[in-house]
Amino acid sequence: MTGFLGNVLDGLALGAVYALVALGFVVIFKASGVLNFAHGSLLLLGGYLTAVLHDDLGFPGALALAVATTAAVAGALDRFLLQPGGMDPRAAHVQTIVTIGVDIVLLTDLARRIGGDLLSLGDPWGDSVTHLGPVTVADSRLAAIAVSAAVIGAVFALFRFTAWGLSLRAVAEDLEAAALMGVRLSRVRALAWCLAGALAALAAVFLAAFPAPGLERGTGQIALNAFPAAILGGMASPPGALAGSLLIGLTEALVVGYQSDLHVLGEGFGDVAPYAVMVLVLLVRPTGLFGAKGAARV
């Protein structure tokens, strides 16, 4: 039972971090209809900046600058590479392909800079642990749950109570109607991309923190585990992204924790478990857990 509870706590922490990444996928999709395959490289960029700056600026200063820089890079990517292609939803598939090229360029450069090193982000939790009854959990896991919960709550409040959030929901519902009502589409898109970049940079801290060995050039690929979480929940549903992330995080942690009992499924089944869950759920609910069927006029 102790091992099970420990795995559940690890899964909740991992799911909370995945939710930060999945929300980035969702908010970009809602604003522009683009699937951002450069999200993993933006996450790696945020983590790399935190790692190289924390000695000079301290962890809080390095993280703040990394989050701001990654947000600016994401906004610039949309403004200068994607928006010139047009705001028409029919152009979204072309812009999605552009993000694949951007991902290759960014990952290649960051992988060259990181090399074979394991970079420390200088986080204040280190390798300290907390004993919760019979369960021992890393402080970084508890911090991941607390920080992610606060940030996700703030993002949901942003969706619900701000003019930008209302504009984003209007754009997701009907782009042309939103434009006719005076919504500035380019501004909505730009802020969505900036928000997604900031969330990715924040998630990098917890993906590289103990018990992970540190930031490495493959850390950005871990973010892709949040992609099936976004698909599971329905790509235009922030609550669905949260639910899907928790499901994926719990699944991954439990599979890894009970790997010896699941050896028949293969040594690396934990790496593909998120995608297996995605396929199984989509077989039952093709629109995702919180996805709605679109209405068609005939």
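Residues numbered from 1 in each chain as written. Predicted model: local features only at pLDDT ≥ 70, side-chain atom pairs only at ≥ 80, totals over all residues. Heavy atoms only, no water.

### Quick notes on the pattern of salt bridges
Working step 1: Counted according to the given criterion, the structure contains four salt bridges.
Working step 2: Between Arg 189 and Asp 78 there is a salt bridge whose closest N-O contact spans 2.5 Å. With Arg 189 in helix α7 (residues 185-208) and Asp 78 in helix α2 (residues 39-82), this residue pair connects regions lying 111 residues apart in the sequence.
Working step 3: Arg 189 gets classed as buried once you look at its relative accessible area, which sits at 2%.
Working step 4: Where Asp 109 meets Arg 113, a salt bridge forms, and the shortest distance between an N and an O atom there is 3.0 Å. Taken together, the positions of Asp 109 and Arg 113, both in helix α3 (residues 92-114) and four residues apart, correspond to about one turn of that helix.
Working step 5: For Asp 109, a relative accessible area of 28% corresponds to the partly exposed category.
Working step 6: Through salt bridges with shared partners, a single ionic network connects Asp 109, Arg 112 and Arg 113. (Salt bridge = Lys/Arg side-chain N within 4 Å of Asp/Glu carboxyl O. Helix = DSSP H or I, 4+ residues; strand = E, 2+ residues; numbered from the N terminus. Buried < 20%, exposed > 50% of the residue type's maximum accessible area, 1.4 Å probe, protein only.)

### Quick word on the packing of aromatic side chains
Working step 1: Under the counting rule described, the total for this entry stands at six aromatic pairs.
Working step 2: Measuring from ring centre to ring centre gives 5.4 Å for Phe 25 and Phe 227, while their planes differ by 65°; the resulting arrangement is edge-to-face. Placement of the pair is Phe 25 in helix α1 (residues 2-32) and Phe 227 in helix α9 (residues 226-233), with a sequence separation of 202 residues. Phe 227 matches Phe 25 in its accessibility class, with the two residues each being buried.
Working step 3: One aromatic cluster in this structure is built from Phe 25, Phe 37 and Phe 227. (Phe/Tyr/Trp six-rings, centres within 6.5 Å; stacked < 30°, edge-to-face > 60°.)

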